[in-house]
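# Survey of secondary and tertiary structure
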Amino acid sequence: LERDAIFRKKHNIHVSGGNIPSPLHSFMELRSRYKCRSYILRNLAELGFEEPTPIQRQAIPVLLSGRECLASAPTGSGKTFAFICPILMKLKRASKDGVRAVILCPTRELAAQTARECKKLAKGKKFYVKLLTKQLVKSADLSKIPCDILISTPFRVQFATRKKKLDLSKVEFLVLDESDKLFELGLVKQVDSVVKACSNPSIVRSLFSATLPDTVEELARTIMHDAIRVIIGRKNS
Ligand code: ADP
Ligand code: MG
C-alpha cells in the first residue's frame, strides 16, 4: 500500500524489510485489528495518551506480527511503550511457568524506570513484572519467584543464568533497549550471553535505540535474521 506509504511519510516513519504491517492510525486500532484487552486501552487513556507516537505506530504492529524489529527513534519519543504494549498483548495473562519476556537496559536506573512504565501499562492485570535487583540476584530461590517480564541490566541476568538461578529457555520476547548504549558501554559479551541463554527457537528479538550507528546495525544483524527496520526521522539524529 499506497495508503500506508502516505501515512508513514506524514509521520516521518521510514521502514525497510519484507511484508511490513500497516502502521497504527489510532490506539483504538489495537482493539479492532488486534483484539487488545480493555485494561491496556484504559491505562493508555488514564495516562492521557491520545495518539500513538510515530515509533509506536509502526513498531507495535511489527512486534504483534511476530516479526523482529530494529527500531530507532529520538529520545523521549515513547520507545518504552512501543515494546511493552505488544509484549503485554502477546503474553495475554500472568503465568507461573517461567520468564517469558526479557528487557535489557544499559543501566540500573533505566531498568528501574522501564519496570515502572511497564507496571503502569499492566495496571489492573496481574502480570509479574520483575526488576532484577541485587537482592533478587542473591536470593537462593530466584527460580521459584513468578516472573512474566524480567527487566535488568545484562550483567545481572548473565550472573543469575551462570549461577543456574534463572532459566531463560522459554523466553518469547527479548528486547535490547538503548542498544547503542548497551554496545557502547562494552556490554557486548554480556548481551551475547543473555541472547544465548534465551534459547527458545521461536523467540522474537528487538532492538530499540536513539541512534543506529553502523556498529549497532552490524551487531544487530548477527542476532536478527529477518528484522523489519523502523526509523523515525533521520538515521543518526
Ligand atoms: P524514549 O524511550 O523514546 O526515550 P520514553 O518511552 O521514555 O521515550 O517516553 C517518553 C515520555 O513520553 C514518557 O513520559 C512517556 O510516558 C510518554 N509517552 C509515551 N507514549 C506516549 C504517547 N503515545 N502520548 C503521549 N506521551 C507518551
Ligand atoms: Mg527509552
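Bear in mind that the values here come from a model prediction, so they are computed numbers and not experimental data. (Residues numbered from 1 in each chain as written. Chains lettered and ligands numbered in written order. Predicted model: local features only at pLDDT ≥ 70, side-chain atom pairs only at ≥ 80, totals over all residues. Heavy atoms only, no water.)

Next up on the list: the packing of aromatic side chains. Aromatic ring pairs are reported here in terms of the distance separating the ring centres and the angle at which the planes meet. In this structure the tally under the stated criterion is three aromatic pairs. Measuring from ring centre to ring centre gives 5.6 Å for Phe 49 and Phe 81, while their planes differ by 65°; the resulting arrangement is edge-to-face. Of this pair, Phe 49 sits in the loop between α3 (38-46) and α4 (54-64) while Phe 81 sits in helix α5 (residues 79-91), placing them 32 residues apart in sequence. Residue class for Phe 49 comes out partly exposed when judged on its relative accessible area of 30%. On the basis of relative accessibility, which here comes to 6%, the residue Phe 81 falls in the buried class. (Phe/Tyr/Trp six-rings, centres within 6.5 Å; stacked < 30°, edge-to-face > 60°. Helix = DSSP H or I, 4+ residues; strand = E, 2+ residues; numbered from the N terminus. Buried < 20%, exposed > 50% of the residue type's maximum accessible area, 1.4 Å probe, protein only.)

Those residues of helix α10 (residues 188-197) that sit buried are Gln 190, Val 191, Val 194 and Val 195. Within α10, the buried residues cover an arc of 140° as seen down the axis, which keeps them to one side. Of the exposed residues in α10, those oriented more than 90 degrees away from the buried face are Lys 189 and Lys 196. On the buried face of α10, the contacting elements are β3 (101-104), α8 (154-162), β6 (173-176), α9 (179-184), β7 (204-209) and α11 (214-223). (Arc of directions from axis to C-beta. Contact = heavy atoms within 4.5 Å.)

In this structure, the largest pocket occupies an estimated 280 Å³ of space. Elements with a minimum of two residues in the lining of the largest pocket: α5 and α6 (108-122). For the lining of the largest pocket, a count of residues per class yields one nonpolar, seven polar and four charged. (1 Å grid on protein atoms, 1.4 Å probe; cavity = no way out; pocket = protein on both sides within 12 Å on 5 of 7 lines; lining within 4 Å. Points joined across faces, edges and corners; volume = space filled by probe spheres on them. Nonpolar A, V, L, I, M, F, W, Y, C, P; charged D, E, K, R; others polar.)

With that settled, the discussion passes to the sheet that holds β6. Within the open sheet, the eight strands sit side by side as β1-β8-β2-β7-β6-β3-β5-β4. Their pairing is mixed. Here the strands that pair on one side only, and so sit at the sheet edges, are β1 (13-16) and β4 (129-131). Geometrically, the sheet is characterised by an average inter-axis angle of 15° between neighbouring strands, direction not taken into account. (Pairing = 2+ DSSP bridges. Axes fitted to C-alpha atoms, helices over the stretch in contact; angles between N-to-C directions.)

Before going further, it helps to spend a moment on the pairing of strand β5 (residues 149-152). Burial of β5 is two-sided: the residues Ile 149 and Ile 151 facing one way and the residues Leu 150 and Ser 152 facing the other way are all buried. Sheet topology places β3 next to β5; four bridges connect them, and they run parallel. Looking at the pairing, Ile 103 lines up with Ile 151 of β5. Sheet topology note: the β4/β5 ladder contains three bridges and is parallel. Looking across to β5, one finds that Val 129 is bridged to Ile 149.

Among the nonpolar cores identified, the biggest contains 46 residues, and Leu 30, Ile 40, Ile 55, Leu 88, Ile 149, Ile 151 and Phe 208 are the most heavily contacted of them. Examining the composition of this core, we find that nine residues originate from one element, α5, more than from any other. The contact partners of Ile 149, leaving out residues within four places of it in the chain, are Ile 87, Leu 88, Leu 91, Ala 101, Ile 103, Cys 118, Tyr 128, Val 129 and Lys 130. With 33 residues, the next largest nonpolar core counts Val 137, Val 191, Ile 223 and Ile 231 among its residues. (Core = buried A, V, L, I, M, F, W, Y, C linked by side-chain atoms within 4.5 Å.)

Among the residues of α11, those classed as buried are Val 216, Glu 217, Ala 220 and Ile 223. Buried residues of α11, viewed axially, fall in a sector of 120°; they line one side. Opposite its buried face, α11 presents the exposed residues Asp 214, Thr 215, Glu 218 and Thr 222, each directed more than 90 degrees away. Turning to α11, the residues buried within the fold contact β2 (69-72), β6, α9, α10, β7 and β8 (228-232).

Just distances and angles here, no functional claims.
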